[in-house]
Amino acid sequence: MRLRSKLTIATLSIVLILVAGGYASSYVARREMRQSLIRATATTAAQILGSINAGLQTQIEHLRAMTRGLDVREALMQSNTDFEQMGGIRERIAEVDGRWTSAAPGELQAMAAGLIANRLAVDLRNRQATQGFRLFGEVFITNRYGANVAQTGLTTDYYQADEDWWQQAAQWGAFVGSVEYDESAAVVGVPVAVRVESGEGALLGVLKAVLTPDGLLAPLTNAGILPWEQGMELTLLGPDGRAVYTARQATPSDGAGVPATVPLPAQIQGLSGYGPGLDVQYGLIGPERLVVSVRGEHEEGAPAHRGHPGWTLLVTRDLRRALKPLDRLQRAMLFISLAATGTAVAIGFGVSTRIAHALSQISAAAEKLGRGDLDARAPVRSNDEIGALAAGFNAMAARLKQTTASRDALEREVAQRRRAEREREVYARRLERLNAELERSNRDLEDFTHTVSHDLQEPLRKIHSFGQFLEEDCGEQLPPTGREHLHRMLDAVLRMKALIQHLLALARVGTRGGELLPVAPARIVETVLDTLSERIRETEARVAVEDGMPRVMADEVQLGQVFQNLVGNALKFCTPGRPPRIEIGGRAEDGRATFSVSDNGIGIEAEYLDEVFGVFRRLHSRDEYEGAGVGLALCAKIVHRHGGRIWAESELGVGTTFRFTLPLAEEAEEEKSLEHQ
Amino acid sequence: MSTNSRIEMLPVLLVEDDAEDIYIAQRAFEQGKIANPLHVVRSGEEALEFLQRTGCYVGAAEAPRPGLILLDLNLPGMRGHEVLERIKQDPQLRRIPVVVLTTSGEEADVCVCYDRGANTYIVKPVAFDKFLEAVKTVGRYWLVVAKLPDPCEDTQV
C-alpha cells in the first residue's frame, strides 16, 4: 500500500474515532440529560403537587378561620338549640329532606330560599365575594344534626349527616373529597368540609365548600410556577383517576361536564426519592412525549384532610423541545466533525502527498546513486525531518562521491606509478644497455688508444730512426738543403708523436680518470707551482694564491693538470718585457666552488673566448708561442667530467682570467649522508 | 769497455717480429758497442722453443741459454705478455732477466708486465739516439753491473 494511502487512512481513522467518540458522548449526554430532565420534571411535579396540597390546606385553614367567627358559631348554636327544643329531630330532618330530594328544581328554590336568604348565608356570600371565597364554588353549613343551616346556593338535599364528607369532617375536623362535578354549584370542584366547633371544642356543625381548580392552582400561578413552559401540560387527577384540572384546558373538555380521563403511557417506570408518600412514575407516549405522574398516597387510616389527598399530578412535556439545545449541539458537532474530517483528510492527503513526493524524490535520487550517478541529489525543501533526511542523503552522496573520487584518484595514481615504474624499468634496461654499450665503447676507446699508442707510433719511430740512420750513414753525401729537409722531417715526426701523446692524454681523461674525492686545492696548487718553479723563476713571474680555497670533489691528478695547464698558459702567453703576474683564487659561490687563474698577459680577443677550448685550436703560430693547442681542451674536458663549467674573461693586452667551477666537498658529503639516511 | 770474457760471452735473446725493429736493435747493439751475441726469434712460440730447446732448437749449440731477454709485447700469435708469463713460470728460465721493450706507455701494460715478473720495462723512444741511449744503459746494467746466477750451472734452488 502506498504511503499516501496509509497516512490518509490513519488520519481518517483518527478523525472517525474522534467523531465516534463525540457522538457516543453526545448520545450518553443526551441520555443522561433525558434522565435528568425526567428527574427534574418529576421533582417539579412533586413540588407542584406539594404546592397544591399546601394550597388546599391553606384553603381549609381559611374555612376553619371562617367557622370560628362568632356569627357562624352563634347561628349554629341557635339552630342546634332550635332543633333540640323542637324535639323529634330525626323525624323532622327526614321529613324535610324527603321533601327536598323529591322536589322539582323550581320548588327546591322556594324550599331553600329561607336558608339562602338568612343572615349567615348573606354573610357567607359576602365573604365569598370579598375575602376570596370565590374560589369555592359553593359554601354551605349544617348544624350538628346534619341539617342545612345556611347555604350560598342550592343544594340537592337537606340532610347531610349521612354523607361521608359530613361524618369525616365531624369526626376528624376536615375532609377533602375527590374532584367531581358539583351539580348544585355547576362547577367541577373538590369538596372540602370542616368541622365547626364551639370555643370548648364541641361539635356545632359542618361547613362544606367546593374548591375550584383555579383556586387550587392560584398559588402556583401567583408564585410564577405556572404556566410552566410551552408544550408542557399539567393535569391533576383525583383519587378516582379522573381529571381535576388540566393546565391546557381550564375545564374538562367533555360536554357532559364530567371530568375526562387522561390517557396514560403504556409502560410506566417508578422513580424514588421524592419524599414520603409520594408515588412518582414516568412513561413515554411515543418516542419523546414524557409523562410524569406524581401521586400523593393517602395514608392508611389517616384523616382525609391529613397528608396528601390522594391526588395525582400528571406532567406531560415534549422532550424534543427540552433537548432542542442538545440536538442543536449534536448537529453542530456533526457539522464540525464533518468539517474536521474533511479538513483532516485534506491536510492528511496534502501532508502525505508532500511526504510521499519528498520521499519519492529521495528514493529516486538513491536509485540514481545506486546506478552509479554520484551527482544524484535530493532537493531539500523543508526544515523538518524529511528535509533533514534529504540533507543527510545529500551529505552521504557527497561523501560517497568524495570517497569514490579519492579512490579513483588513488587508483589513477597507482596506475600512474605502475606505468612510471614500468617506464623506469624500461629506462633502467635501456640504461643498462647504454651502460654496457658505454663500457664496450670505453673498451673500444681503450683499444683504440692502445692501438694509437702502439701502432701509430711504431711507424713514426721507424721513420725517425731511419731518418737518423740516413743522416748518420749518408749525411755527408747529402747537400745542405737535403740535410735541412731531413731535419724538418724528423721534427715533424717528433711533433706528430707529441700530438699523439696529447690525444692519448685527452682520451685518458675519461677512461683513466680516478674517483672524485674531497681534496684541498691549495695543496694541489702548491705542487703545481713546485713543478713549474723553474719556468716561474725563468719568467720572473709573481704568483699569488688566495687563502681559504674551499675543498672540492675532484680527481686530484686531473685537477693538478687543470691548474698546471692554466698556470702554464699564463706563464707562456705573457707580454714580452712584462713579467707575468698570476693570481690563483677560489671561493664557494651558490653551492659550488669557483676557481680563477688570472694573468696580465696578452689577452684573448673576445670572439675567440669560446674557441680557445677546442682541441688543437691555436691562436698563435708555433713560432710565437709553443704548444699543441691541447692544454685548454684538456682543462675543459676535465672540468666537464667533474660536472663543472669553464670559461674565460679577457681584455686584449691587459690579461686573461680563466674561471672554472667544481662541486663543493661539503655539499657532496651532505648529499651522501642524506642518501645514507 | 769491460774485459770480462764471461760476460761478453753471454748471449742476448731478442723477441721481435718486426724486421725494422730488429735492424734498429742490432744497430743500437752495434753502435752501443755491446759485443754480446744477439739471437733473434720472430715470435713468442719460437722464443719458447729457443729457450726450452725444443722444436727446431733441439741442441744446446744452436740455442744458448741467454743472459738477457729483450721482449716486444706486440707480437703476432702468442702475445708478449704470455711469453713473459711462461718464462717466469718456468723454473729453468725464470732467473733470466726479461726487459720489456715496447711502444706502449699504457699504465695497464706496465703494471701487468711487472706483475708477471718483468725485470725492466722500457718504452721505445721515437728518436733513435734516445733508443740507443736506453739500450746502452740497459745492456750495461744487466750485462755488466748486475750480478746474475750462472746460467750454465742449472742449479735448482
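One can find the structure itself at the top, above this paragraph.
Values in this document were obtained by computation on a predicted structure and should not be read as measured data. (Residues numbered from 1 in each chain as written. Chains lettered and ligands numbered in written order. Predicted model: local features only at pLDDT ≥ 70, side-chain atom pairs only at ≥ 80, totals over all residues. Heavy atoms only, no water.)

A. Expanded view of the packing of aromatic side chains. On inspection of all chains with the given rule, the structure shows 14 aromatic pairs over all chains. Taking the centre distance of 4.4 Å and the plane angle of 80° together, the rings of F469 of chain A and F128 of chain B count as edge-to-face. Pair noted here: F469 of chain A is in helix α10 (residues 385-474) and F128 of chain B is in helix α6 (residues 128-145), and the two residues belong to different chains. Note on F128 of chain B: relative accessible area 0%, which makes it buried. When the centroid spacing of 5.0 Å and the interplanar angle of 75° are considered together, the rings of F50 of chain B and Y57 of chain B count as edge-to-face. One aromatic cluster in this structure is built from F466 and F469 of chain A together with Y23, F128 and F131 of chain B. The ring of W647 of chain A has R645 of chain A sitting right over it, with the charged end atom 4.2 Å from the ring centre. (Phe/Tyr/Trp six-rings, centres within 6.5 Å; stacked < 30°, edge-to-face > 60°. Helix = DSSP H or I, 4+ residues; strand = E, 2+ residues; numbered from the N terminus. Buried < 20%, exposed > 50% of the residue type's maximum accessible area, 1.4 Å probe, protein only. Lys NZ or Arg CZ within 6 Å of the ring centre and 35° of its normal.)

B. Quick peek at the sheet that holds strand β17 (residues 592-598) of chain A. All names here are of chain A. With mixed pairing, five strands are arranged side by side in an open sheet as β14-β16-β17-β19-β18. Only two strands of the sheet have a single partner each, and these edge strands are β14 (542-545) and β18 (646-651). Ignoring which end each strand starts from, the neighbouring axes of this sheet average 15° apart. For β18 and strand β19 (residues 655-663), the ladder comprises six bridges, and the chain directions are antiparallel. Pairing of I646 across the sheet is with F660, part of β19. Each of β16 (581-589), β17 and β19 is contacted by helix α14 (residues 556-572), which is oriented at about 175° to β19, the strand it contacts most. Contacting β18 and β19, helix α15 (residues 631-641) runs over the sheet at an angle of about 135° to β18. (Pairing = 2+ DSSP bridges. Axes fitted to C-alpha atoms, helices over the stretch in contact; angles between N-to-C directions. Contact = heavy atoms within 4.5 Å.)

C. Focus on the pairing of strand β11 (residues 289-296) of chain A. All names here are of chain A. Of all eight residues that make up β11, six are buried, and the element is covered over most of its length. Direction of pairing for strand β10 (residues 278-285) relative to β11: antiparallel, over a ladder of eight bridges. When the bridges of β11 are listed, Y282 appears paired with V292. Here β11 pairs with strand β12 (residues 312-318) via seven bridges, running antiparallel. Within β12, the position partnered with L290 by the bridge is R317.

D. Quick peek at the packing of helix α3 (residues 44-52) of chain B against helix α4 (residues 80-89) of chain B. Residues and elements named next belong to chain B. Put simply, α3 and α4 touch, their axes get as near as 9 Å, and they point 20° apart. Judged by the angle between their axes, α3 and α4 are roughly parallel. Seen along the crossing, α3 lies across α4 with a hand that is right-handed. Counting all contacts with α3, which are made through G44, A47, L48 and L51, the residues of α4 involved are V83, R86 and I87. Taken together, the residues of the contact of α3 with α4 break down into five nonpolar, one polar and one charged. (Parallel < 35°, antiparallel > 145°, perpendicular 65-115°, else oblique. Left-handed = near helix turned anticlockwise from the far one by under 90°. Nonpolar A, V, L, I, M, F, W, Y, C, P; charged D, E, K, R; others polar.)

E. Structural detail: a nonpolar patch on the surface. Residues L499, L503, V615 and F616 of chain A make up a contiguous nonpolar surface patch of about 310 Å² in total accessible area. Residue placement: F616 of chain A occurs in the loop between β17 and α15. (Patch = residues over 30% accessible without salt bridge, like charges linked within 9 Å, V, L, I, M, F, W, Y side chains within 5 Å. Areas by Shrake-Rupley, 256 points an atom, 1.4 Å probe, with all protein chains shown as cover. Salt bridge = Lys/Arg side-chain N within 4 Å of Asp/Glu carboxyl O.)

F. Here's a closer look at the pairing of β19 of chain A. Residues and elements named next belong to chain A. In terms of burial, β19 is largely enclosed, as seven of its nine residues are buried. Taken together, the seven bridges between β17 and β19 define a ladder with antiparallel strand orientation. Counterpart to F595 in the pairing with β19 is F660. Turn length for the β18-β19 hairpin, with the two strands adjacent in sequence and antiparallel, is three residues, and the turn residue G653 shows positive phi of about 80°.

G. Region of the structure containing the interface of chain B and chain A. Each partner contributes to the interface: chain B provides 20 residues, whereas chain A provides 23 residues. A per-residue breakdown of the area chain B buries against chain A is headed by T103, E106 and V126 of chain B, which together make up 37% of the total. In this structure, the connection of chain B to chain A is made through six salt bridges. The partner of D18 of chain B in a salt bridge is K462 of chain A, with the nearest N and O atoms 2.5 Å apart. Linking chain B to chain A there are seven residue pairs in polar contact (both at pLDDT 80 or more). (Buried area = accessible area lost by both parts, 1.4 Å probe. Polar contact = N/O pair within 3.5 Å; in protein donor to acceptor, adjacent residues only side chain to side chain.)

H. Region of the structure containing the sheet that holds strand β3 (residues 68-72) of chain B. Residues and elements named next belong to chain B. Strand order in the open sheet made by the five strands is β2-β1-β3-β4-β5, with parallel pairing throughout. Edge positions in the sheet fall to β2 (38-41) and β5 (120-123), since each of these pairs with one other strand and no more. Taking each pair of neighbouring strands and ignoring which way they run, the sheet shows an average axis angle of 20°. Note that strand β1 (residues 12-15) and β2 share four bridges and pair parallel. Across the sheet, L13 pairs through a bridge with H39, a residue of β2. Those strands touched by helix α2 (residues 19-31) are β1, β2 and β3, and its axis lies near 170° from that of β2.

I. Main features of the side chain of H81 of chain B. Residues and elements named next belong to chain B. Checked against the element boundaries, H81 lands in helix α4. Take H81: its relative accessible area is 13%, and that puts it in the buried class. Sequence-distant contacts of H81, that is, excluding residues within four places in its chain, are made with L73, D109, V112, C113 and R116.

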